[in-house]
Amino acid sequence: QVQLVESGGGLVQPGGSLRLSCAASGFTFRTYVMGWYRQTPGKERELVTSITIPADSTKYADSVKGRFTISRDGAKSTMYLQMNSLLPEDTAVYYCNVHLRRFGREYDYWGQGTQVTVFS
């Protein structure tokens, strides 16, 4: 059973930094995508950044490019999101995601979400 456990959210002033972590367990797939999404009230959940396994190809939303960095450990057990130069518009619930495609089916697994609030 796939489990994703997030940590690291909190309150930070504009210009500050936070580092989110996502501990993944319960799967041994060879090829998949891990990513971070975020959602605010009244808006659709949006993809912030993603990384492919095993190629480690990364993508970033234009709004966070140059400020956020996605990474993972060599054992594929933990994924990180380093967030620098935070802005009030970065305020959202952030979700860890694993996406895979096997046997013609799409699979998505989600963490519980962690609140990030940027305020003055």
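A brief report on the enclosed structure follows. Bear in mind that the values here come from a model prediction, so they are computed numbers and not experimental data.

Considerations on the packing of aromatic side chains
Point 1. Taken as a whole, this structure holds 4 aromatic pairs when the rule is applied.
Point 2. Their ring planes at 25° and their centres at 5.7 Å tell us that Phe27 and Phe29 sit as a pair that is stacked.
Point 3. Among the residues examined, Phe29 registers a relative accessible area of 25% and is labelled partly exposed.
Point 4. With a centroid separation of 5.0 Å and 70° between ring planes, the pair formed by Tyr37 and Trp110 is classed as edge-to-face. Of the two residues, Tyr37 sits in strand β4 (residues 32-39) while Trp110 sits in strand β10 (residues 105-110), which places them 73 residues apart along the sequence.
Point 5. The class of Trp110 is partly exposed, set by a relative accessible area of 36%.
Point 6. Put simply, the rings of Phe27, Phe29 and Tyr32 touch in pairs and so form one group of aromatic residues.
Point 7. A cation sits over an aromatic face here: Arg45 above Trp110, 4.6 Å from the ring centre.

Comments concerning the environment of Thr117
Point 1. Its location among the elements puts Thr117 in strand β11 (residues 114-118).
Point 2. We classify Thr117 as partly exposed; its relative accessible area is 21%.
Point 3. In this structure the C-alpha to C-alpha distance between Thr117 and Val93, which are 24 residues apart in sequence, comes to 8.5 Å.
Point 4. Excluding residues that lie within four positions of it along the chain, Thr117 makes contacts with Gly10, Leu11, Val12 and Thr91.

Description of the pairing of β4
Point 1. The pairing of β4 with strand β5 (residues 46-53) spans 7 bridges and is antiparallel. Residue Trp36 lies in a different strand from β5, and its bridge partner there is Thr49.
Point 2. Where β4 meets strand β9 (residues 92-102), 7 bridges bridge the pair, whose relative direction is antiparallel. When the bridges of β9 are listed, Met34 appears paired with Val98.

So, the sheet that holds strand β8 (residues 78-83)
Point 1. Taking strand neighbours across the sheet as the criterion, the 4 strands line up as β1-β3-β8-β7 in an open arrangement whose pairing is antiparallel. Each edge of the open sheet carries a strand with a single partner, namely β1 (3-7) and β7 (68-72). Across this sheet, the average inter-strand angle for adjacent strands is 15°, counted without regard to direction.

Parameters and conventions
The written sequence of each chain sets the order in which its residues are numbered from 1. With pLDDT at 70 or above as the cut-off, local features in this predicted model cover only qualifying residues; side-chain atom pairs require 80 or more to be listed or tallied, and sums for whole chains, interfaces and linings still use all residues. By convention in this description, side-chain values take in all heavy atoms of the structure and omit both hydrogens and water. For this analysis, a ring pair means two rings from Phe, Tyr or Trp (six-membered ring only for Trp) whose centres lie within 6.5 Å, classed as stacked if their planes differ by under 30 degrees, edge-to-face if by over 60, and tilted for the remaining angles. Exposure is judged per residue with a 1.4 Å probe applied to protein chains only, and the accessible area is read against the type maximum: over 50% gives exposed, under 20% gives buried, and values in between give partly exposed. In this text, helices come from DSSP runs of H or I with a minimum length of four residues, and strands from runs of E with a minimum of two, each type numbered from the N-terminal end. We call a charge positioned above a ring when the Lys NZ or Arg CZ atom is no farther than 6 Å from the ring centre and deviates by at most 35 degrees from the ring normal. Residues are treated as being in contact if the distance between any of their heavy atoms lies within 4.5 Å. At least two DSSP bridges between two strands are needed for those strands to be called paired. With axes taken as lines fitted to C-alpha atoms, and helix axes fitted only over the stretch in contact, angles between N-to-C directions fall between 0 and 180 degrees.

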